[in-house]
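This is what each chain is made of:
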Amino acid sequence: MTDLLPTPTTTSPPPSARRRWLRWAGRVAMLGAIGVSAWAFRDQLPDAAALWHVAAHANPAWLAVMVLSQLASMAMFSRVQRRLLRAGGVRMSLPRALRITYAGNALSTTLPVGPAVSVAFGFRQFRRAGATPRLATAVIVVGGVVMNAGYAVVGLTALVAEPYSRSFAITALAVLAGATGAFALLWNRQRAAVSRLALRVFGPLLRHRLVVPVTEMWQGRGALRLSVRDWGVLGLMAVLNWVFDILSLATAERAVGVHTPLYAVTLAYFAAQAAGSVLPLLPGGLGAIEASLAASLVAFGALAVPAGAAVALYRLVSFWGVVGAGWLAWLTIKIAEDDVTRLRLRRAFGDLGSALYAMSQTTAYAAPAPRPPDSSESA
């Protein structure tokens, strides 16, 4: 009935129209990015018929290992967030954590300004699970730090394994370890002096209005009660997240008969990630990552057609498969949260729609109820 009311006399469109406009603008931007990437890299990809022939004759056993490796990679990321929540006193079932992880990944890789949307989505889901605002923020911040640290460890390990970069990588690691040790020793002996010096040097930067939100998020890490064992387990799961993803690429190679050394696959993986980050407007690095992966594998000795087929199989699972599962997970979460969706399902599918809604409610809230927070912050 609200559509029959007179249009308000205002220069800005109503919220519903604005949301529709933004939704369509996002779709057009995503399709345009896909078209631009396909045109930009059209001369760098092997013949499609040859790729299809090689991929169609891939080894099924290696393909199964590729899929399992990708599932394990996503599971490690979910477990990192789940353990951080548990350190703050909030229990979450693994299926629910997996749904949040897959849905957040789909939002991050396919929507314009996807990472910001994904962070907001994760924050809202953690709050619904019983986390305080400070704890939800801490889980996002510390989880990102841990995942980036695992990413750096895997990359440095690959550089040490590569013969030509080994000496440089070992030297850089030695310098980094020495600087970290010296800072830790100085911090333990002269903590007050180091704090004053840091505030004097970085104080104006930390007080800048663009950095204040980051500073507040970092201060929120105190909501977590992490032991040394927790840090070790979190670091191991973060490393395994990247290792399983790289193993998925390596097994895709094995499936089509390519036998590139594992350190070379890892370096190709990191080069592709860098190429994808250079073009942030492309959804999930689409086009840039494929071209970079194929070119890097060829540089390490693989033939162009098998390397392209391996990359296509890997991206079919790691991008398209994960994104598809993520949007299904998002739909499940949306159905569980929105009563309007229940009514729409009932009108569309009758009793079956109500049954689907009831099932989504049961699975989404099957986790044990969190204990009430002790602090007055969440009141």
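These lines cover the structure that appears in this document, whether it is placed above or below. None of these values were measured; they are calculated from a predicted model.

### Considerations on the packing of aromatic side chains
Per the counting criterion, the structure on display carries five aromatic pairs. A ring pair is formed by Phe319 and Trp320, whose centres lie 4.8 Å apart and whose planes are at 80 degrees; its orientation type is edge-to-face. By relative accessible area, Phe319 is classed as buried at 5%. Under the relative-accessibility criterion, Trp320 is labelled partly exposed at 46%. Plain terms: the ring middles of Trp327 and Trp330 are 5.6 Å apart, the flat faces sit at 75 degrees to each other, and that makes the pair edge-to-face. Separated by three residues within a single helix, Trp327 and Trp330 lie in helix α13 (residues 304–337), roughly one turn from each other. An aromatic cluster is present here, built from Tyr151, Trp242, Tyr269 and Phe270 joined pairwise through their rings.

### Some remarks on the side chain of Thr251
With respect to the helices and strands, the residue Thr251 is situated in helix α10 (residues 228–255). Apart from residues no more than four positions distant in its own chain, Thr251 is found in contact with Trp62, Val65 and Met66.

### Quick word on the nonpolar core
Of all hydrophobic cores here, the largest spans 59 residues; its most connected members are Phe126, Leu224 and Leu293. When contributions to this core are tallied by element, the ones reaching two or more residues are α3 (60–87), α4 (94–110), α5 (114–128), α6 (133–161), α10, α11 (262–278), α12 (288–299) and α13. Every residue in contact with Phe126, bar those within four places of it in the chain, is listed here: Gln81, Leu85, Met92, Ile100, Ala131, Ala136, Val139 and Ile140.

### Considering a nonpolar patch on the surface
Together, Val67, Leu68 and Leu71 line one region of the surface with nonpolar side chains, adding up to about 260 Å² of accessible area. With respect to the element layout, Leu68 can be found in helix α3. For Leu68, a relative accessible area of 55% translates into the label exposed.

### Details of α4
Taking 1.5 Å of rise per residue, 17 residues should cover 24 Å, and α4 covers 24 Å from first to last C-alpha, within 8% of that figure. With 12 of its 17 residues buried, α4 lies for the most part within the structure.

### A short note on α12
Relative to the 16 Å expected for 12 residues at 1.5 Å per residue, α12 spans 16 Å between its end C-alpha atoms, a close match to the ideal helical length. Here α12 has its buried residues at Ala288, Ile289, Glu290, Ala291, Ser292, Leu293, Ala294, Ser296 and Leu297. Gly301 occupies a position one or two residues after α12 and carries a positive phi of about 115 degrees.

Rules of the game
Residues numbered from 1 in each chain as written. Predicted model: local features only at pLDDT ≥ 70, side-chain atom pairs only at ≥ 80, totals over all residues. Heavy atoms only, no water. Phe/Tyr/Trp six-rings, centres within 6.5 Å; stacked < 30°, edge-to-face > 60°. Buried < 20%, exposed > 50% of the residue type's maximum accessible area, 1.4 Å probe, protein only. Helix = DSSP H or I, 4+ residues; strand = E, 2+ residues; numbered from the N terminus. Contact = heavy atoms within 4.5 Å. Core = buried A, V, L, I, M, F, W, Y, C linked by side-chain atoms within 4.5 Å. Patch = residues over 30% accessible without salt bridge, like charges linked within 9 Å, V, L, I, M, F, W, Y side chains within 5 Å. Areas by Shrake-Rupley, 256 points an atom, 1.4 Å probe, with all protein chains shown as cover. Salt bridge = Lys/Arg side-chain N within 4 Å of Asp/Glu carboxyl O. Expected span 1.5 Å × (residues − 1).

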